[in-house]
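# Survey of secondary and tertiary structure
Below are the chains, spelled out letter by letter.
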Amino acid sequence: MEFELMDSQREIRDAVAALCARFGNEYWHRCDEEHAYPEEFVKTLNEAGWLSALIPQEYGGAGLGMVEASLILEEINRSGGNAVACHAQMYTMASILKHGSAEQKQRYLPRIAAGELRLQSFGITEPDAGSETPRIKTFARREGDHYVINGQKIFTSRYQHSDMLLLLTRSTPFEEVKKKTDGMSLFLVNLKEIGDAIKAVPIATMVNHGTNQLFIDNLILPRESLIGEEGKGFSYVLSSMNAERILVGSESIGDGRWFGEYAVKYASERRVFARPIGANQGVQFPIAKAHMAVEAANLIRLKAATLFDRGLPCGAEANMTKYLASEAAWEAGEAAMTTLGGYGFAKEYHVERKWREARLYRTAPISNNLVLSFVGEHVLGLPRSY
Ligand SMILES: Cc1cc2nc3c(=O)[nH]c(=O)nc-3n(C[C@H](O)[C@H](O)[C@H](O)COP(=O)(O)OP(=O)(O)OC[C@H]3O[C@@H](n4cnc5c(N)ncnc54)[C@H](O)[C@@H]3O)c2cc1C
């Protein structure tokens, strides 16, 4: 059993860290204040090829695995940044790589790898369905060689910064399917080719995270936009969801490390009562506890990513990564806030921004309550709670 990163993985991590160092806390602070998309950062990351990490080399990508992809996103958050602006390209990719047609891969992957197209938008959540995805109502009706789609999505992030949208719909009504996850279909939508069939209305949130409500009105898509077979979309989207949980968990690990490193430095330098505050166990212990939680989350993340890369079932580990890492980051964020005292609230210290950002991952892309039910029911075999 191996617990250390390989040299090549360490090199990736260090190269991403060097790139991120060009965009310090002040850059991210400015984006947050202005609610601006970190365009320059995303462009630089794309040009360096890191966002195409998972695209196979035959399509112009780096052909790396989930372990490497997770280290890339971890490093962005560890640097004080926020990978949320660009992470979706990595997890939406998983559905296309595993279930897309040869024609879809040939058509889009080289252009995504070259940075000409951005696949950053993932439309799952709906206002009336919430966490109960099978209750989505956005409906794709087959008409000859095309589909007509109508419905609504909510919290669809990065829509304005994406050329493509991975869209989950129903294609058989919920009431007519035997198994509730049947009858859903997954589409790859080229946003440049749909005119004004989708209206995006931005939702103001407490984080710098361009997210939207989408109103989909007679969106006409050719059959070639369908991923895999009609009605099996939910099973395909699970590949992306597992990738998403591992990658988002990795960002939380990066957040946890950033908080820890920041708190240790501050606690060692800040002197009150004629000694560094970090000498007080009331300050030191929460930082130490959070550090252990982050380290533990890191191990399950490496296990989940390794299983994913080997094509083995990893749903339990992916969910546990997302839960443990987001809770560890939150614990570390709380420890950092406490360590900084009043300065934790001052924006120029950056902790309050990271604290707001880290909080998101206890709720999205799946709320931690739902992860607990998944583990209770599907991993432990406890009776269904809903
Ligand atoms: C900034 C932001 C960006 C997002 N980006 C995207 C995106 O790009 N694409 C996308 O598809 N979605 C996105 N989401 C949506 C996100 O995935 C959902 O908000 C999340 O899954 C929770 O769904 P909900 O908000 O409808 O909460 P609800 O389902 O209404 O749940 C509300 C609360 O009740 C709890 N709850 C509900 N049912 C149960 C139960 N049976 N047992 C225990 N607790 C329960 C939940 O855990 C939660 O705490 C984003 C959300 C945010 C805030």
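Refer to the structure above for everything that follows.
Our subject in this report is the structure included herewith.

Attention shifts here to the pairing of strand β2 (residues 139-143). Inspection of the sheet shows β2 paired to strand β3 (residues 146-157) by five bridges, in the antiparallel sense. Bridge pairing links Glu143 to His146 in β3. Joining the antiparallel neighbours β2 and β3 is a turn of two residues, in which Gly144 adopts a positive phi near 60°.

Next up on the list: the nonpolar core. Ala69, Phe187, Ala328 and Ala336 are the most contacted members of the largest nonpolar core, which totals 106 residues. Tallying contributions element by element places helix α7 (residues 233-269) first for this core, with 15 residues.

Glancing now at the environment of Glu334. Along the polypeptide, Glu334 turns up in helix α9 (residues 315-340). Residue Glu334 is classed as partly exposed on the basis of its C-beta count, with 16 C-beta atoms lying within 10 Å. Sequence spacing of Glu334 and Ile366 is 32 residues, and the spatial spacing of their C-alpha atoms is 21 Å.

The end-to-end C-alpha separation of α7 is 53 Å, in line with the 54 Å expected for 37 residues at 1.5 Å each. Summarising burial for α7: 29 of the 37 residues are buried, a large majority.

A few words on the site of the ligand. Taken together, 23 residues surround the ligand, and among them Ile124, Gly130, Ser131, Ser367 and Asn369 come closest. For the shell around the ligand, the secondary-structure elements that each account for two or more residues are β1 (119-123), β3 and α11 (368-379). Split by residue class, the shell around the ligand holds nine nonpolar, 14 polar and no charged. Three or more residues apiece are contributed to the shell around the ligand by two domains, here domain 2 (119-231) and domain 3 (235-379).

Across the interface, α7 lies against helix α10 (residues 351-360) with an axial gap of 11 Å and an inter-helix angle of 155°. In terms of orientation, α7 lies roughly antiparallel with respect to α10. The way α7 lies across α10 gives a crossing that is left-handed. Contacts between α7 and α10 pair Ser252, Asp255, Trp258, Phe259 and Tyr262 from the former with Val351, Lys354 and Ala358 from the latter. Across the contact of α7 with α10, the residue classes break down as five nonpolar, one polar and two charged.

Definitions and limits used
Residues numbered from 1 in each chain as written. Predicted model: local features only at pLDDT ≥ 70, side-chain atom pairs only at ≥ 80, totals over all residues. Pairing = 2+ DSSP bridges. Helix = DSSP H or I, 4+ residues; strand = E, 2+ residues; numbered from the N terminus. Core = buried A, V, L, I, M, F, W, Y, C linked by C-beta atoms within 7 Å. Buried ≥ 20, exposed ≤ 12 C-beta atoms within 10 Å, placed from the backbone. Expected span 1.5 Å × (residues − 1). Near = placed C-beta within 6 Å. Nonpolar A, V, L, I, M, F, W, Y, C, P; charged D, E, K, R; others polar. Domains from an automatic or database assignment. Axes fitted to C-alpha atoms, helices over the stretch in contact; angles between N-to-C directions. Parallel < 35°, antiparallel > 145°, perpendicular 65-115°, else oblique. Left-handed = near helix turned anticlockwise from the far one by under 90°. Contact = placed C-beta atoms within 7 Å.

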